[in-house]
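Fold and geometry: a report
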Amino acid sequence: MELSRISDKNFADIMGVSKRTLEMWKESGKYAFHQDENGNQFFYLKDLMKVPQVKEMVESPWEDEMTVKPYREYTSIELFAGAGGLALGMSMAGFHHVMLNEINHDACQTLLLNRPHWHVAESDIHQLNFSRYEGQIDLLTGGFPCQAFSYAGNKGGFEDTRGTLFFELARAVKEVSPKIFVCENVKGLASHDGGRTLATIRNTIAEIGYTLIEPRVLHAIKYRVPQKRERLIMIAVRNDLVKKATYRWPSPYHRIMTLRDAFYKGELYETDVPLSEGQKYPEKKRKVMELVPMGGYWRDLPVHVQKEYMGGSYLLEGGKTGMARRLSLEEPSLTLTCAPAQKQTERCHPLETRPLTVREYARIQTFPDDWKFVGNLTSQYRQIGNAVPVNLAYAIGRSLVRLLNDIEQNNG
C-alpha cells in the first residue's frame, strides 16, 4: 500500500467493518473510491482525513515513540510466557526479565534456545511462590487462558476467581506488588458470560490494590503486524502510583503491513522469508484449493465443487469465510490459528497451493528469522499461533516504559 492511498479491504479492516458494509458505503457515496488499471479499488488518504481512525494513522507520532528509552533498567516477570512473543517485544522495549513462567516443555525450550540467559521456570503456576520478588519488580505480565469463573460468592472478586488461572495471576500480583501489571486475552473476554467474567476481573483488580485503565481491544494491524489479530489489553497501576502519571496507549503505525511485507524483502524484513518445513495438503484437498483464487474462499469454487467440499455445511447459513480460504499478498493475514490447515480456518499460501510454513507463520507474528522453535511441526505451529505478535508487544512495551519513566520523574 502506498502512503498516499489505502486499499478498500484494508480500510474496512481499520474501520472494523465487514466487506458488506464497505460495499454499502461505496454505493451510497459515503467515501469516494477509485480503481487502478488492474481493477483494484482504493481510497486516497487525503479524502479520508475526517475519519478519526485514518487521521490517527497519518498524523501518528510513531517515530517519536520509537525513541522512548527506560530511565533505568525496568524489571519484569512474565507468566504464561509461551514461545516468547510478548516477552521478546517487552525486551525490545527495554524490560529486563527477572523470571518467565511457562508449563509447556517445548515452549520453555524455545525460550531457552533463543535467550539462554533468561530465567525460565518450567512449572505449573500453582506450584510457584512469588513472594521473594516482592518490591523488586516494575512490571508483571501474563496472557492467562480464559476460563469460566464459578462465582462462589456474591461480590465477584478475588475469591470468586479461585480455581482459574486468572486467580493465579492475581495471586502473583499480590505477592510481588509490581508497579504495573498487564493482562492480555482474546477480545471475546470482554463479553464472556454476559460481561460477568470481565466484571469479576475488574473487582479483583480493585480488591488487590490496583486501578484498571479502561481496557482496550488493540488491532495488531495498526502496529506493524501483517495480521488481522485483535487482543484485549488490560493495564493496571498500583494505587499509590496512579496520580503520578497518566497512561497513553501506543499510537498506530502510518500504514497497514500486508503478506507481501511479511514474505518479501522490504520495510518489515531485510530478506525474503527463509525456506522451512510445513504441512502438506492431501491430494484431494490440494486439487480443490488449486481452484481458489488469491484472496478467495469456498464461494469462489465451481458450484459442484462447493457442494462436494462443504458437504452438509453448504446449506447452512453464515459466511463460513475461513473455509477453503486462500490468503492475499495485498492484505494482512487472517488471525493465525494453532494449525494452518484446519478446514474451518484455512490459511492457504497466496501463490502456492499449500499451508503456510513455520517461518511464514513466524513472520506473520513478526518474530525475527533467528527466533527458532523447539518441538515437532504441530508443536511449533501451536506455539507460534498462540503467541502475542512481537511488534504489538513492542508497541505496548514502549508505552509502558513511557509510563514508568513518568512515574520515576514524579517520584523524584
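Structure first, text after, so check above.
This text gives an overview of the structure that appears in the document. Predicted model, so just to flag it, every value in this text is computed and none were measured. (Residues numbered from 1 in each chain as written. Predicted model: local features only at pLDDT ≥ 70, side-chain atom pairs only at ≥ 80, totals over all residues. Heavy atoms only, no water.)

Quick look at the overall build of the protein
Of regular secondary structure, the protein possesses 14 helices and 11 strands. Its C-alpha radius of gyration of 22 Å places the protein within 12% of the 22 Å reference for a compact globule of 412 residues. With the C-alpha coordinates aligned to their principal axes, the bounding extent of the protein is approximately 65 × 45 × 45 Å. Counting across all 412 residues of the protein, residues that qualify as buried make up 56%. (Helix = DSSP H or I, 4+ residues; strand = E, 2+ residues; numbered from the N terminus. Rg over C-alpha atoms; globule rule 2.2 N^0.38 Å. Buried < 20%, exposed > 50% of the residue type's maximum accessible area, 1.4 Å probe, protein only.)

A short note on the side chain of Asp 369
Within the secondary structure layout, Asp 369 lies in the loop between helix H12 (358-364) and helix H13 (377-386). Beyond its immediate sequence surroundings of up to four residues, Asp 369 is in contact with Tyr 269, Thr 271, Pro 274, Arg 359 and Arg 363. (Contact = heavy atoms within 4.5 Å.)

A short note on the nonpolar core
Within soluble globular proteins, side chains that are nonpolar generally end up buried alongside one another. By size, the foremost hydrophobic cluster in this structure holds 37 residues, and its most contacted members are Phe 95, Ile 180, Ile 235, Leu 392 and Leu 400. Taken together, the elements giving at least two residues each to this core come down to helix H5 (85-93), strand E8 (180-186), strand E11 (230-238) and helix H14 (390-411). At 10 residues, the largest contribution of residues to this core is made by H14. In this structure, Phe 144, Ala 170, Phe 181 and Ile 205 belong to the second largest nonpolar core, which totals 33 residues. (Core = buried A, V, L, I, M, F, W, Y, C linked by side-chain atoms within 4.5 Å.)

Details of helix H2 (residues 19-28)
Three or more residues of H2 are buried, namely Leu 22, Trp 25 and Lys 26. Take H2 and look down its axis: the buried residues cluster within an arc of 100°, on one side only. The outward face of H2, more than 90 degrees from its buried face, is lined by the exposed residues Arg 20, Glu 27 and Ser 28. Summarising the contacts, the buried residues of H2 are in contact with helix H1 (8-15) and strand E3 (41-44). Gly 29 sits one or two residues past H2 and shows a positive phi near 80°. (Arc of directions from axis to C-beta.)

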